[in-house]
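Overview (structure and organization)
One letter stands for each residue in the lines below.
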Amino acid sequence: MNASPTGSRSPASTHDDWPRIGDYLLLRLKEAGVDHCFGVPGDYVLRFYDRLCRSDIRHIGTTREDTAAFAADGYARSRGLGALAVTYGVGALNVVNAVAGANAESSPVVVISGAPGVAEQRDDPQLHHRFGPFRFQREIFERITCACAVLDDPYTALREIDRTLDAARRYSRPVYIELPRDRVDTPAFPIPHEPEEEAGSDPEALAEAVAETLALVGRAQAPVILAGVELHRRGLQDLLAGFVLKAHLPVAATLTGKSVVAERQPGYLGVYEGAMGPEGARRVVEEADLLLLLGVTPNDIDLGINTARLDPARTVRAGQEEVWVHRHRYPHVHLRDFLAALTDAVVPHPGPLPDVPGPVGAPDFPQPGQPMTMARMMARLNDFLTPDMQVVADSGDSLFASVDLRVHARSEFLASAYYTTMGFAVPAALGAQVANPGRRPLVLVGDGAFQMTGTELSTAARLGLDPIVIIGNNRGYTTERFILEGPFNDIADWRFHRLGELFGPLRGFAAATEDAFDEALGAALAFRDGPSVIEVALRPDDCSAALTRLSERLRDVVQQSE
Ligand SMILES: Cc1ncc(C[n+]2csc(CCOP(=O)(O)OP(=O)(O)O)c2C)c(N)n1
Ligand SMILES: [Mg+2]
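The paragraphs below set out a description of the structure included in this document. What you are looking at is a predicted structure, and each value in this text was computed from that prediction instead of being measured.

The secondary structure content of the protein amounts to 21 helices and 19 strands. Here the C-alpha radius of gyration of the protein, 25 Å, is about what a compact globule of 562 residues would show, namely 24 Å. Along the first, second and third principal axes, the C-alpha atoms of the protein reach 70 × 65 × 50 Å. Taking contacts inside the protein between residues at least 6 apart in sequence as the whole, the part at least 24 apart equals 76%. Working note: accessible area of the protein is about 22200 Å², and carbon and sulfur atoms make up 52% of it. The average position of the 54 basic charges and that of the 75 acidic charges among the side chains of the protein differ by 1 Å.

Once that is clear, we can look at helix α12 (residues 335-345). Turning to α12, its buried residues number three or more, namely L335, F338, L339, L342 and T343. An end-on view of α12 places all buried positions within 130 degrees of arc, on one side of the element. Buried-residue contacts for α12 involve α8 (203-219), α9 (229-233), α10 (237-247), β10 (290-294), β11 (315-318) and β12 (322-325).

Take the coordination of the magnesium ion (ligand 2) next. Surrounding the magnesium ion (ligand 2) are the protein donor atoms D447 (OD), N474 (OD1) and G476 (O), at 2.0 to 2.1 Å. Ordering the donors of the magnesium ion (ligand 2) by residue number gives the pattern D-x26-N-x1-G. Of this pair, D447 sits in helix α16 (residues 447-453) while N474 sits in the loop between β17 (468-473) and α18 (478-483), and the two are 27 residues apart along the sequence. Exposure class is identical for D447 and N474. Each is buried.

Our focus in this paragraph is the sheet that holds strand β8 (residues 251-253). Read from one edge to the other, the open sheet built from seven strands follows the order β9-β8-β7-β10-β11-β12-β13, with strand pairing classed as mixed. One side of each edge strand has no neighbouring strand; the edge strands of this open sheet are β9 (268-271) and β13 (328-331). Along the sheet, successive strands turn relative to each other by an average axial angle of 15 degrees, direction set aside. Pairing analysis gives three bridges linking β11 to β12, with the strands arranged antiparallel. Its bridge partner being in β12, A318 is matched across the sheet by V323.

This next bit is on the pattern of salt bridges. Using the criterion set out here, one finds 35 salt bridges in the structure. Of the charged contacts, one joins E105 and R77 as a salt bridge, the two residues approaching to 3.4 Å between their closest N and O atoms. Of this pair, E105 sits in the loop between α4 (96-104) and β4 (109-115) while R77 sits in helix α3 (residues 65-79), placing them 28 residues apart in sequence. Comparing E105 with R77, the two get one shared label, buried. Two residues, E160 and R163, come together in a salt bridge whose shortest N-O distance is 2.8 Å. Of the two residues, E160 and R163 are both situated in helix α7 (residues 157-171); the distance of three residues between them amounts to about one turn of the helix. Overall, E160 belongs to the buried group, its relative accessible area being 11%. Because the salt bridges share partners, they merge into one network encompassing D73, R77, E105 and R233.

Those residues of helix α13 (residues 374-384) not exposed but buried are M374, M377, M378, A379, R380, L381 and N382. As for α13, its buried residues are in contact with α14 (397-401), β16 (440-446), β17, α20 (514-526) and β19 (532-537).

A surface patch of nonpolar side chains, about 290 Å² in accessible area, is lined by L93, F131, F136 and I140. Structurally, I140 can be placed in helix α6 (residues 136-142).

Turning our eyes to something else, we now look at the site of ligand 1. Around ligand 1 sit 16 residues in total, of which D447, G448, A449, N474 and T479 are the nearest. At 2.8 Å, a backbone N or O of G448 approaches an oxygen atom of ligand 1. Contact with the protein chains covers 77% of the free accessible surface of ligand 1, which is 590 Å². Those elements giving two or more residues to the shell around ligand 1 turn out to be α16 and α18. Here the element with the most residues in the shell around ligand 1 is α16; it accounts for four residues.

Conventions used here
Residues numbered from 1 in each chain as written. Chains lettered and ligands numbered in written order. Predicted model: local features only at pLDDT ≥ 70, side-chain atom pairs only at ≥ 80, totals over all residues. Heavy atoms only, no water. Helix = DSSP H or I, 4+ residues; strand = E, 2+ residues; numbered from the N terminus. Rg over C-alpha atoms; globule rule 2.2 N^0.38 Å. Contact = heavy atoms within 4.5 Å. Areas by Shrake-Rupley, 256 points an atom, 1.4 Å probe, with all protein chains shown as cover. Lys, Arg positive; Asp, Glu negative; His and termini not counted. Charge placed at Lys NZ, Arg CZ, Asp CG, Glu CD. Buried < 20%, exposed > 50% of the residue type's maximum accessible area, 1.4 Å probe, protein only. Arc of directions from axis to C-beta. Donors = N, O, S within 2.8 Å, 3.2 Å for Na, K, Ca; no water. Pairing = 2+ DSSP bridges. Axes fitted to C-alpha atoms, helices over the stretch in contact; angles between N-to-C directions. Salt bridge = Lys/Arg side-chain N within 4 Å of Asp/Glu carboxyl O. Patch = residues over 30% accessible without salt bridge, like charges linked within 9 Å, V, L, I, M, F, W, Y side chains within 5 Å. Near = heavy atom within 4 Å. Polar contact = N/O pair within 3.5 Å; in protein donor to acceptor, adjacent residues only side chain to side chain.

This is the structure in structure tokens:
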């Protein structure tokens, strides 16, 4: 769309029965299941904030804009759409990393940015927050979203709102909507909303792909399913669960798809991540004579920094809109249709499901006075996890170690697992709990990542939310230490357990030993009136088994590229 004010028409002043642009945007968001909008106000977006506060959508103020975007991302992963509203320049540019992450991770976040009014932009003045031609901001977001609109023209604004929101849901990716401040209250031409017809699967290609796949499944001795993140983003978890049950096949998940299947069900193998993942899952997946890759995105994290051994000659791969059976490609076959048709026709596989060790608990915990380690913490958390919790992990060892956690039901593990931005977990947990108050977040975060966006804990406290935040304080960037040690990996040693004095009301605990950790965890579980912070003292050189495997691999990569 043309962002230039010269191309836009004047607001229609006489059409008082036409919806106003800002109100229509809010209405359509509400209809799409968005009950909350995160963000920080500023003068270019204040008129929209005024409409927001009069609407059925609740504003959740955050301490920064990037955390608003992380929160909207966490919200979107639960609700199917999340929204944030920020001011021009200083606000919008602050969200670029988080929105790029949502784009990389297929999370449908709606970025609403205020902007100087169309009339104000006309003479190209030097307005505050400007950083170049006015179109620059839209151009930046064009690279990290699937659709952009500048609502400068009242004759097309409503259609543009519909188009962008449809795109966010259809492609499960972020969109950008820029609203000049003098267009918020402008009546706009009410074009009827006609959602774009989604092209369905090609019936013949679908039938052939299903027949070929089922013939292979029928002949295979040891077929295995590998479930990926696309199943979560398209809301296909129930379909997958039905297929797994009827086909009677073992199933593993990728790290980005972790928890897309219930992790405590029979036949669940654990996370497969090549040589970086747990050995049990690796062995069964790599020894399978037929592997069904469902919704798997072949990124380097899921492929264990290219240590995965997946032979295309033994693989069926179903992506969003195509299926590969060995090296034959079936275009225009949608994942949903493929999975549904497979489920209808599959014959249960005979034979027992492989016996892979379940979650590692810690029956001998606590050893009084014993210093905490990452491995023991994860083992203990496996005993404490309850079905009403969702685990939110930040980048760093929190993410890698959580490979060994088994969450209960499906879709209760949130992370920036592929884009791996630090600072995701605390704000994403805020968004996830606002979206789904019935699920209590268990946040796993390193001291470094917490120092980036931990201020959002104060928002959780303000809202009376009760996440349990476990901060692994290893006094620095341990993940980086294992790849390349240097003084740049040391950070300030905060007294995290005293955050309540600043961010409260919240409860803080310091846990250096196993008995202190158990006591803190018990008290945190019982405290439901606000957040709990458990600061776990770790040695700077302590790490999970998964991080040891990863860093060996990354060290090779870093040294090879020198
Ligand atoms: C925004 C961002 N900056 C830098 C990095 C690179 N990085 C990856 S892990 C890491 C260290 C994380 O430290 P901490 O949160 O304390 O976790 P730990 O590794 O100590 O478990 C860094 C700096 C990143 N992933 N994201
Ligand atoms: Mg650290």
